[in-house]
Amino acid sequence: MIDKPIETVMRESHRDILIPADLVATVNQDNDLQHVFMVLTKVKYAKIPVLDNDNHFMGLVSLPMITELMMQDTGITSRPLESVKVKQIMQKDVPTIYERDNLEAVLRYLVDENFLVYVDSENHFKGIITRRELFKEINYLAHNFNKHYIALPVYNHKSKNETKHAKIQGSKGLINR
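Since this is a predicted model, take the numbers as computed values, not measurements.

1. A short note on the pairing of strand S8 (residues 115-119)
- Among the five residues of S8, five are classified as buried, and the element is accordingly described as predominantly covered.
- Burial along S8 is two-sided: Phe115, Val117 and Val119 and Leu116 and Tyr118, pointing in opposite directions, are all buried.
- Pairing of strand S7 (residues 96-97) with S8, which is carried by two bridges, proceeds in the parallel orientation. Paired with Ile97 across the strands is Tyr118, a residue of S8.
- In the sheet, S8 pairs with strand S9 (residues 125-130) via five bridges, with the strands oriented antiparallel.

2. Some details on the nonpolar core
- In terms of nonpolar packing, the biggest core is built from 17 residues, with Ile97, Val106, Leu110 and Ile129 touching the most fellow members.
- Listed by contribution, the elements that provide at least two residues to this core are helix H1 (4-12), helix H6 (103-110), S8 and helix H7 (131-144).
- With four residues, the top contributor of residues to this core is H6.
- In this structure Leu110 touches Phe115, Leu116, Ile129, Thr130, Arg131 and Leu134, once residues within four positions along its chain are discounted.

3. Topic: the packing of aromatic side chains
- The final tally for this structure, using the stated rule, is zero aromatic pairs.
- A cation over an aromatic ring shows up here: Arg108 above the ring of Tyr109, its NZ or CZ 5.8 Å from the ring centre.

4. Notes on the pattern of salt bridges
- In the structure shown here, the tally under the stated rule is four salt bridges.
- The salt bridge involving Lys126 is made with Asp120; its shortest N-O contact spans 4.0 Å.
- Its relative accessible area of 38% is what places Lys126 among the partly exposed residues.
- Between Glu133 and Lys136 there is a salt bridge, and its shortest N-O distance comes to 3.2 Å. In this pair, Glu133 and Lys136 are both assigned in helix H7, three residues apart and thus about one turn of the helix distant.
- For Glu133, a relative accessible area of 9% translates into the label buried.
- Counted as one network, the salt bridges with shared partners bring together Arg132, Glu133 and Lys136.

5. Section: the environment of Lys126
- Structurally, Lys126 can be placed in strand S9.
- In sequence terms Lys126 and Pro20 are 106 residues apart; their C-alpha atoms lie 6.1 Å from each other.

6. Some words on the sheet that holds strand S2 (residues 27-28)
- Read from one edge to the other, the open sheet built from three strands follows the order S2-S3-S4, with strand pairing classed as mixed. The open sheet has two edge strands with one neighbour each: S2 and strand S4 (57-62).
- Relative to S4, strand S3 (residues 47-51) runs antiparallel, the two sharing five bridges. Bridge pairing in S4 links Lys47 to Ser62.

7. Regarding the confidence of the model for the chain
- When pLDDT is averaged along the chain, the result is 83, and 86% of the positions lie at 70 or above.
- The weakest mean pLDDT in the chain belongs to strand S11 (residues 174-176) at 46; the strongest belongs to S2 at 98.
- Confidence drops under pLDDT 50 across residues 166-172; counting only partners more than four residues distant or on other chains, this segment forms two contacts.

Reading the values: the criteria
- Residues numbered from 1 in each chain as written.
- Predicted model: local features only at pLDDT ≥ 70, side-chain atom pairs only at ≥ 80, totals over all residues.
- Heavy atoms only, no water.
- Buried < 20%, exposed > 50% of the residue type's maximum accessible area, 1.4 Å probe, protein only.
- Helix = DSSP H or I, 4+ residues; strand = E, 2+ residues; numbered from the N terminus.
- Pairing = 2+ DSSP bridges.
- Core = buried A, V, L, I, M, F, W, Y, C linked by side-chain atoms within 4.5 Å.
- Contact = heavy atoms within 4.5 Å.
- Phe/Tyr/Trp six-rings, centres within 6.5 Å; stacked < 30°, edge-to-face > 60°.
- Lys NZ or Arg CZ within 6 Å of the ring centre and 35° of its normal.
- Salt bridge = Lys/Arg side-chain N within 4 Å of Asp/Glu carboxyl O.
- pLDDT = per-residue confidence, 0-100.

Okay, structure coming up:
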């Protein structure tokens, strides 16, 4: 669980960590891989969301998935890209988030992923939350925390008696201004 003072300051920035769907490069699950290869090369991303015709999120496709098909015993060829559809190779077991305000879940997933797909309750693609946007929020937190809170050191107490005495005096580590 994220400490409330941390979450409060991060939410205060009023920046939206969501990159809306209309600003995110996507491909359709029925596109051939040659088209996807060109899109990925043009946008300079390694991985992008795959959607169906009704804007439902279906999975992710990446440059390594495509280049794997291009490698043959005799060298590299783009011939297989014309006949293979995205839905045949896309990654389907992708974490998504339905509650974009759940900072704890966002942080947990972005440890291992560069971005997190945000969908509504009907799995319609709404956008992505990137590690970069989250780091902007953490940067805001690092520079604005002391405007609202005074951080006090928490001391390691050696005995139960000292710990009990510290709790009675109310040393919690943070004082709200």
